[in-house]
Amino acid sequence: MAGLEVKVHNLSLKNPVLTASGTFGYGEEFDDFIDVNALGGIIVKATTSRHRDGNPYPRMAETPMGMLNAVGLQNKGVDHFVDYIYPKLLKYNNCVIANVSDSTIEGYVEVAEKLNHLDHIRAIELNISCPNVKEGGMAFGTSCPSAIAVTRAVRKVYDKTLIVKLSPNVTSIAEIAVAVESAGADAISLINTLLGMAIDAEKRRPVLSTITGGLSGPAIKPVALRMVWQVSKAVKIPVIGIGGITTAVDAIEFMLAGASAIQVGTANFIDPTATVKIIAGIEDYMQRHGISDVKDLIGGLMV
Amino acid sequence: MKKFILDLKILSNNRLNHNHNLLELTSDSPLPPMVPGQFAEVRVDGSATTFLRRPFSIHRIDKAANTMHLLIKSVGDGTRNISNLEKGALLNVMFPLGKGFTLKQNEEVLLVGGGCGVAPLYFLADQLHRKGNKVSVLIGGRSAGDILLANEYRSFGNVYISTEDGTLGEKGMVTSHSLLKPEKLPFSVIYCCGPDGMMKAVAHIAESRGIECEVSLENTMACGMGACLCCVVETHKGNQCVCTEGPVFNSRRLKGWTAEAEVGCSLDK
Ligand SMILES: Cc1cc2nc3c(=O)[nH]c(=O)nc-3n(C[C@H](O)[C@H](O)[C@H](O)COP(=O)(O)OP(=O)(O)OC[C@H]3O[C@@H](n4cnc5c(N)ncnc54)[C@H](O)[C@@H]3O)c2cc1C
Ligand SMILES: Cc1cc2nc3c(=O)[nH]c(=O)nc-3n(C[C@H](O)[C@H](O)[C@H](O)COP(=O)(O)O)c2cc1C
Ligand code: FES
């Protein structure tokens, strides 16, 4: 039996496969297709301090091996999350992680404080990297001082595992990673979407209502892999790899580059069973390579 | 309704005109229960330019034969690829998705379809007919060649046709068909599917006569199952996902649909 368990700070995950925020709803959307409890954990969609309607339609453009989105953090706010969504998440006995977003430091702190009391939310992932909101979001994740400020402020009010999710839309990802590590992050996840754009040439108009949006899917995998590798060399805290992961081999590549766990995002849209197939594929890889503990893959790249 | 992902086998693929195909699909296991207005997300294999699944309405089902049909209009690489599949090929389909039409019983109802918008109406007409409704179907297109499967609806009720160039049925747009002229219309509900402009115009006519109107929206989708929030439409209760709250909506729920719509939009829009 292959040992699939991994640790991210003090979270024990039964396997390294998590779901990426905003691509897996609140889990229940996938109940018809998979046993959600078979996953290492789920990261549910972003929660902000107040209700957000998100951006106008159209919010999506298909691109070569990927897609652009401009959802804009649509959610009903943290109070609604606590009262109505949290109770539904109790049926999942794996690691349930909330994704926290906002446009002000006070907003991030308010959400983190309220989630701190929820026993079943084992960690929060601080989204300082969303390209789809006018103010805040990505702005925090694109400069060291602001990334430090928001991480520090949340650290003060949040006692459990604090994961900070980085934006790839920066010149030096390692610098930002080191900054949030110094500010008290317990783990880092990356990457969020890459800022991109799509144009409808026939209509001479942008496809998205917001003109620009976030690129995800296999198209961004090489960029994500490079950044995970750079960051895992630069920090001591665990790294969670995200970006275009569709198959078990993709997941293993991220682990070899230094990731302790991985998240599956856009792939869920095309195959809602992608996550469980990836877990099975990792076991298969381990068997073929005579590896008994998946942790042996972490940072196992030979250069 | 429980959703499934199945590899369905193509039993037949008939070209109806230069850009429409009718695919008949079956499965080794019994097809799941479905209602008119629901849709399926089809994976497109072997097309380098098609990344996401493609949504299509359930066009018709035959429980006894364990078959379902999709009506596909070729508009891009994904639909062209599917339309070129041959008998025996497998299609990976996620279905049934979304919420369908409200099925009336023993009433008089009108179905309006424009262009490829007739896709969900066959299944709907069939079910409404079985439920004892008096069914009328009004189909519009640019030209005679665009009017698909009109005869197939005759077993369910009266069929009316309009074409913009007058090559079949009344000349003009669906919305100016004489059937819709009277101040008092006998229908308790109008079901409508087609281009947004046409549906808005039909919703406006329904509203002005005090009739319920259900429309089926075709917003671009990424997941088709409520996971991404990409497909929203503005309703009086805020943004709602077309893939889970729809694709069928009562037009009164949609912001700006019943009041501001212009009557008489071209099918080109
Ligand atoms: C709920 C739902 C039900 C649908 N039912 C049917 C159906 O029964 N039969 C059918 O033929 N089509 C149906 N459609 C539309 C169909 O999904 C699109 O035509 C298809 O996704 C286009 O894929 P493609 O790869 O061929 O084209 P693409 O290469 O993706 O696009 C080619 C062109 O088609 C246009 N296009 C893309 N998506 C849509 C869309 N959703 N509506 C209108 N134009 C579009 C693009 O703007 C572009 O100009 C439905 C859509 C939805 C959301
Ligand atoms: C439709 C959509 C919505 C997303 N929403 C969020 C979000 O709310 N919070 C967040 O941190 N990341 C969000 N993301 C980013 C993903 O979690 C992930 O970082 C990114 O998509 C890259 O991974 P992928 O290529 O596997 O999709 C979203 C991505 C998509 C496609
Ligand atoms: S298409 Fe993803 S939520 Fe509707």
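Here, every reference points to the structure presented above.
Residues numbered from 1 in each chain as written. Chains lettered and ligands numbered in written order. Predicted model: local features only at pLDDT ≥ 70, side-chain atom pairs only at ≥ 80, totals over all residues. Heavy atoms only, no water.

Caption draft 1: Structural view of a nonpolar patch on the surface. Residues and elements named next belong to chain A. The grouping of M197, I199 and I211 at the surface amounts to a nonpolar patch, some 310 Å² of accessible area in total. Within the fold, I211 resides in the loop between strand 13 (205-206) and strand 14 (212-216). Residue classification places I211 among the partly exposed positions, given a relative accessible area of 41%. (Patch = residues over 30% accessible without salt bridge, like charges linked within 9 Å, V, L, I, M, F, W, Y side chains within 5 Å. Areas by Shrake-Rupley, 256 points an atom, 1.4 Å probe, with all protein chains shown as cover. Salt bridge = Lys/Arg side-chain N within 4 Å of Asp/Glu carboxyl O. Helix = DSSP H or I, 4+ residues; strand = E, 2+ residues; numbered from the N terminus. Buried < 20%, exposed > 50% of the residue type's maximum accessible area, 1.4 Å probe, protein only.)

Caption draft 2: Region of the structure containing the site of ligand 2. The environment of ligand 2 is made up of 23 residues, and the closest members are A:S21, A:K165, A:G217, A:G244 and A:T266. Close to ligand 2, residues of chains A and B are found. Contact between ligand 2 and A:K165: an oxygen atom at 2.7 Å from a side-chain N or O atom of the residue. Between an oxygen atom of ligand 2 and a main-chain N or O atom of A:G244, the distance comes to 2.6 Å. Its free accessible area being 610 Å², ligand 2 has 96% of it covered by the protein chains. The residue makeup of the shell around ligand 2, split by class, is eight nonpolar, 14 polar and one charged. (Near = heavy atom within 4 Å. Polar contact = N/O pair within 3.5 Å; in protein donor to acceptor, adjacent residues only side chain to side chain. Nonpolar A, V, L, I, M, F, W, Y, C, P; charged D, E, K, R; others polar.)

Caption draft 3: Local environment of the interface of chain B and chain A. At the junction of the two partners, chain B supplies 28 residues and chain A supplies 31 residues. Between chain B and chain A lies a buried interface of about 2,400 Å² when both sides are counted; carbon and sulfur atoms form 60% of it. Its largest share of buried area at the contact with chain A, chain B owes to B:F51, B:L229 and B:C230, together 28% of the area lost on that side. Across the salt bridge formed by B:K3 and A:D32, the nearest N and O atoms sit 3.7 Å from each other. Where chain B touches chain A, the interface holds nine residue pairs in polar contact (both at pLDDT 80 or more). Those elements giving two or more residues to the side of chain B that touches chain A turn out to be strand 1 (4-17) and strand 15 (238-241) of chain B. (Contact = heavy atoms within 4.5 Å. Buried area = accessible area lost by both parts, 1.4 Å probe.)

Caption draft 4: Up close: the packing of helix 4 (residues 144-157) of chain A against helix 5 (residues 173-182) of chain A. Residue and element names in this part refer to chain A. At their nearest, the axes of helix 4 and helix 5 sit 8 Å apart, and the two run at 30° to each other. Comparing their axes, helix 5 and helix 4 come out roughly parallel. Crossing of helix 4 against helix 5: the hand is right-handed. The residues of helix 5 that touch helix 4, namely those facing C144, A147, I148 and T151, are E175, I176, A179, V180 and S182. Of the residues assigned to the contact of helix 4 with helix 5, the class counts are six nonpolar, two polar and one charged. (Axes fitted to C-alpha atoms, helices over the stretch in contact; angles between N-to-C directions. Parallel < 35°, antiparallel > 145°, perpendicular 65-115°, else oblique. Left-handed = near helix turned anticlockwise from the far one by under 90°.)

Caption draft 5: Highlighting the site of ligand 1. Residues and elements named next belong to chain B. Neighbouring ligand 1 are 19 residues; R54, P55, L71, K73 and T79 lie closest to it. P55 places a polar main-chain atom, nitrogen or oxygen, 2.6 Å from an oxygen atom of ligand 1. Contact between ligand 1 and T79: an oxygen atom at 2.4 Å from a side-chain N or O atom of the residue. Burial of ligand 1 by the protein amounts to 72% of the accessible area it has alone, namely 870 Å². Elements represented by at least two residues in the shell around ligand 1 include exactly strand 4 (54-57), strand 6 (67-73) and helix 1 (77-83). Examining the composition of the shell around ligand 1, we find that four residues originate from one element, strand 4, more than from any other. Here the shell around ligand 1 is built from residues that sort into ten nonpolar, five polar and four charged. Residue-level mapping places the shell around ligand 1 at the junction of two domains, with at least three residues from each of domain 1 (4-97) and domain 2 (108-253). (Domains from an automatic or database assignment.)

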